[in-house]
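Working through the structure, step by step
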Amino acid sequence: MSNWKTLLLRIGEKGPEYGTSSDYKDHIETCFGVIRREIERSGDQVLPFLLQCAEQLPHKIPLYGTLIGLLNLENEDFVRKLVESVHADFQVALDSGNCNSIRILLRFMTSLLCSKVIQPASLIVVFETLLSSAATTVDEEKGNPSWQPQADFYVICILSSLPWGGSELAEQVPDEIERVLVGIQAYLSIRKNSSTSGLNFFDNGEFESSLAEKDFVEDLLDRIQSLASNGWKLDSVPRPHLSFEAQLVAGKFHELRPIKCMEQPSPPSDHSRAYSGKQKHDASTRYPQRIRRLNIFPANKMEDVQPIDRFVVEEYLLDVLFYLNGCRKECASYMANLPVPFRYEYLMAETLFSQILLLPQPPFKTLYYTLVIMDLCKALPGAFPAVVAGAVRALFEKISDLDMESRTRLILWFSHHLSNFQFIWPWEEWAYVLDLPKWAPKRVFVQEILQREVRLSYWDKIKQSIENASALEELLPPKAGPNFMYSLEEGKEKTEEQQLSAELSRKVKEKQTARDMIVWIEETIYPVHGFEVTLTIVVQTLLDIGSKSFTHLVTVLERYGQVFSKLCPDNDKQVMLLSQVSTYWKNNVQMTAVAIDRMMGYRLVSNQAIVRWVFSPENIDQFHVSDQPWEILGNALNKTYNRISDLRKDISNITKNVLVAEKASATARVELEAAESKLSLVEGEPVLGENPAKMKRLKSTVEKTGEAELSLRESLEAKEALLNRALSETEVLLLLLFQSFLGVLKERLPDPTKVRSVQDLKSIGAEDDKSSAMDVDGENGNPKKSCEVGEREQWCLSTLGYLTAFTRQYASEIWPHVEKLESEVFSGEDVHPLFLQAISSALQFPLQ
C-alpha cells in the first residue's frame, strides 16, 4: 500500500507510521503534509480513498474532518469536489435506503462543519428536509404512517450526528438548531410510540432499558437535550479541530445543494389492515433499529459513563462491527482501542451481547460475534474474559425469562466460545441445576450447552471438562452409538428379519441398483411382513450402512433414495419414515437432525411430513426439555424458504439474461436485413444481398441468438412455474404449522378465563409450587432454587415461546398469507388468547 494511503488509514493509531507520537495534532500535521503533495500528483485517487476511510472508519471522522479543513486552506477546488462527492453519495444513499451510509455521511457532514468546510445554514437545510419528510410520513392525511420506521430513522440520524457538531451549531446558528430540536419534539408529539413487545429480550422486561415508557427515539432526544443543557460537553468525541482553530477560520465555506428524500409507498386505498401491517413490516425491515439495549450489569459498573457517552460508544462499536466484518482481528483491535478517555469493557460486552440476541435478527451470524469476542478476550486478557463470564452468569440467572430464539443463540454462542478456550468453565457453580426438575429452564440450558459441546468435540473430552462437577455427566447425551435393531449376537440364531437385513446389506455391498433393490423388497419382504416391518428393515439397514460418517450417509441417500421414495410416497408414510430415523439415531441428536435435513434436501420427505412428525405424540412431550424437535422444525422451514429465495434469484438472473438475449437477437436480425437489402455483383451481375458467405454467417447468427433467447424464455417459464408451485405449497405449510401449534396448545393451556397473559401462566405455576423459596446448598454455598413453574406451565411457556420465535423469524413469508390465516386459524371461538398474543407480538400486529 502507498505511504499516503497507510497514513490516512492509520491516523490516530499507535503504530510505526507516526513514530512514537500518539498526539492527534501531530498525526494530522504529518498526514496533511503528505496528502497535500499527493493531491498535486494523483488527486483523483486521493479523493475517493479519503471518503472511503471516513465512511468505513467512522470513529475517526473528527480526524478526517480536520484534515480536510486544512486542505481547504490550500486547495479549495479539491475540497469543493469532495463536498460534492459527499452530497452525491448522500443522495444515492437516501434513494436506495442505505441506512448505514445515510447515518455516517450525515455525521461526516456535521464534522466538516466543525472544520469550517460546510456552511452551517446548508447543513440545517439538510436536517430540516429530513425532518419535514419524517413529519409528512406520519401524517394521517398527507403521508403513510405505516412507514413510521423510515421517519424515525431520519430523526435518529439528525440526533445522532449532533454529538459531533452540536457545539458549533449552537455557537454559529443557535436559533436554527433550536428550531430543529423544537421540530423534532413536534414530530414526537404526532408519531405513535413504537411498541416492541415482540422484540424484547426478556418476557418481563427486566435487564432492558429502564425507560419503559420511552422508545429509542424519545430516549435519544432526552440524551441530546441533556447534552445541550450541559453546554454540548462530552468525553467520547475527540475535537482535534480546536487545535487548528486559528488556521481553519480562514477557510472558505462550501454549500450543500438541496437533497430529496425517498418517497414511501402510498397507503392502501381499501384501508386493508393486513396490507397496512405488511407495509409496516417492510418499513421495519428496511429501516431496522440497530440496537436494543441490554443492561446486563449493575449501574455502578459504568457509573462514570454519561448517557450520551454511552450512546456514542455504542455507535463506535456497531460501526466497527459493521464495516470491519471481513477482518475480525482488525475489528477486535479497533474495538479495544476506541478514541475515548474512559474504560468501556462492560459497555462493550453489553453491546456485543445485545447484537447476538437482537430480535428479529442480528446483522451478522452468531459465528462472527463468537470470533470477535474470542479475539477481544485475547487482546484484553486482563479485563475482558472476566467481563464476558460475568455477562454469561447474569444471563443464566434470567434464562427462564429469555426469549426462546435469543436463548438458542446464546447456547450456540456459548458452546462455540468455550470450544475456543479448551471448554474451561467453572461448572461447579451450575451443578445445582441437577436438583431442579428436568423441565427447569436452567437445567435445560446447561444440558443443551453440553450437548452442543459434544458436537464440537467428542464425548470423553467434554466429560473431562466437567470433572469438577462430575454429577453433570447426567446431562451429557448418551455415549452409545446407533440403535441398530438387527445386530447379530453370538450363539443366537438369526431371526427372519435379521436375515432379511443381512441380505439387504449384502446387496448394497454388491452395489446393486436401487431399481433391483425395490423389486427385491416388493417381491420378498413386503408381501410377507407388511409395510411397517418392511420400512423398519429398510431404514435400519440403510442407515446403519451410512452411519460411519456424514459422507457415508449422503452416499446411501443418493444411491438408494429411490427406495425410500417408493416405500413412502405420501405424507402419512413419510411421518413413519421419520419416526424410524429418529429411532435409529435416538442416541445422537445431531445425526437425527442431519439425516432428516438431508432427506428433505433429496426430496425423500416433504416439509409437511416433518411438521406433522414434530407435532406427533412421540415429540410433543419433549417440547420443554429438549431443543431437538425445534431444531429439526427450524431446519425444515429454513430449507423451504431458502428454496424459494434461490428460485427468486434464479428468475431475476434469467430475466436479465433474457433482456440481453433479446437485444442480441434483435441486433442480429437488423444486420441480416441490412445485408439482404444491399446490392452486390455476382459474376458481373447485380444481385440483391451481400456475398453468400457473409449472408450464411449472418443467418446462422440469427438462428443461434433466436434459439438462445427461446431457451432462456423456456427456462424462465419453468422457474416461474416452480416458484408458483412452491408459494402455493408454502401457504399449505403455514396453515399446517399454525394449526399444529393451535392443536397442541389448546389441549394444555389453562382456561382462558383464568389466564390472559404469560405472567398469569407463570403465576399459576408459582402458586402450585409453594416450595419455591431460595435455599442454599450447605456444601458449596450455591443457590439451590426449586423450579417456580410446574411442568405443564413450562411446556406451555416453551411452546408459546417457539411459536413467537418461528412467527417472527418468517414474518416476511407469513404476511402474504395473513388474511387467510386469520380466517382459517386465528379467528375461531376456541382460539386461546395466549396463542393470539404470541403471534401478534411476533408480527407487531394486533389480530382481530
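It should be noted that the structure appears before, not after, this text.
These numbers come from a predicted model, not from an experiment. (Residues numbered from 1 in each chain as written. Predicted model: local features only at pLDDT ≥ 70, side-chain atom pairs only at ≥ 80, totals over all residues. Heavy atoms only, no water.)

Some details on the pattern of salt bridges
The condition is simple: Criterion for a salt bridge: a side-chain nitrogen of Lys or Arg within 4 Å of a carboxyl oxygen of Asp or Glu. Helix and strand definitions follow DSSP, with helices as H or I runs of at least four residues and strands as E runs of at least two, each counted in order from the N terminus. The rule is simple: take the accessible area with a 1.4 Å probe, protein chains only, and divide by the maximum for that residue type; under 20% is buried, over 50% is exposed, in between is partly exposed.
Evaluated as defined, the whole model comprises 57 salt bridges. A salt bridge links Asp152 to Arg191, with the shortest nitrogen-to-oxygen separation between them at 2.8 Å. A residue pair is termed long-range when its members are at least 10 positions apart, and Asp152 in helix H7 (residues 148-161) and Arg191 in the loop between helix H9 (174-190) and helix H10 (216-229) qualify at 39 residues. Its salt-bridge partner being Asp572, residue Arg612 comes within 2.4 Å of it at the nearest N-O pair. With a gap of 40 residues between them, Arg612 in helix H26 (residues 607-614) and Asp572 in helix H24 (residues 571-584) connect regions that are remote in the sequence. Exposure remark for Asp572: the relative accessible area of 46% places this residue in the partly exposed category.

Overview of the nonpolar core
Let me state the cut-off plainly: Only buried residues count toward a nonpolar core, which is a set of Ala, Val, Leu, Ile, Met, Phe, Trp, Tyr and Cys residues joined through side-chain atoms within 4.5 Å. We call two residues in contact when some of their heavy atoms are within 4.5 Å.
Core analysis: the biggest nonpolar cluster contains 168 residues, and Phe353 and Trp427 have the highest contact counts within it. Of the residues forming this core, the biggest block, 13 residues, is contributed by helix H2 (residues 24-56). With sequence-adjacent residues up to four places away left out, Phe353 is seen in contact with Leu294, Ile296, Val388, Ala391, Val392, Leu395, Leu410 and Trp413. Leu567, Ala609, Phe623 and Ala811 belong to the second-largest nonpolar core, a separate cluster that totals 103 residues.

A short note on the environment of Ala391
Relative to the assigned elements, Ala391 resides in helix H17 (residues 384-397). A residue is classified by how much of its surface remains accessible, and Ala391, at 0% relative accessible area, is buried. Sequence separation between Ala391 and Ala349 is 42 residues; the distance between their C-alpha atoms is 7.4 Å. Among residues more than four places away in sequence, those in contact with Ala391 are Ile296, Phe297 and Phe353.

Things to note about the packing of aromatic side chains
We count it as follows: Any two rings among Phe, Tyr and Trp, with Trp reduced to its six-membered ring, count as a pair given centres within 6.5 Å; such a pair is stacked if its planes are under 30 degrees apart, edge-to-face if over 60, and tilted if neither.
Taken as a whole, this structure holds 35 aromatic pairs when the rule is applied. Ring geometry for Trp4 and Phe49: centres 5.6 Å apart, planes at 80°, overall edge-to-face. Here the residue Trp4 occupies a position in helix H1 (residues 3-10), and Phe49 occupies one in helix H2, the gap between them amounting to 45 residues. Each member of the pair, Trp4 as well as Phe49, carries the same accessibility label: buried. An aromatic cluster is defined as three or more aromatic residues linked by ring pairs; in this entry it consists of Phe353, Phe396, Trp413, Phe414, Trp425, Trp427, Trp430 and Phe445.

Some points on the side chain of Gln264
This is how the line gets drawn: Any pair of N or O atoms that falls within 3.5 Å is considered a polar contact. Within protein, one atom must be able to donate a hydrogen and the other to accept it, and sequence-neighbouring residues count only if both atoms are side-chain atoms.
As for its placement among the helices and strands, Gln264 is situated in the loop between helix H11 (245-248) and helix H12 (273-286). Within the local environment of Gln264, its side chain forms a polar contact with the side chain of Gln150, the two groups lying 3.2 Å apart.

Fair warning: the whole summary comes from geometry, so function is off the table for now.
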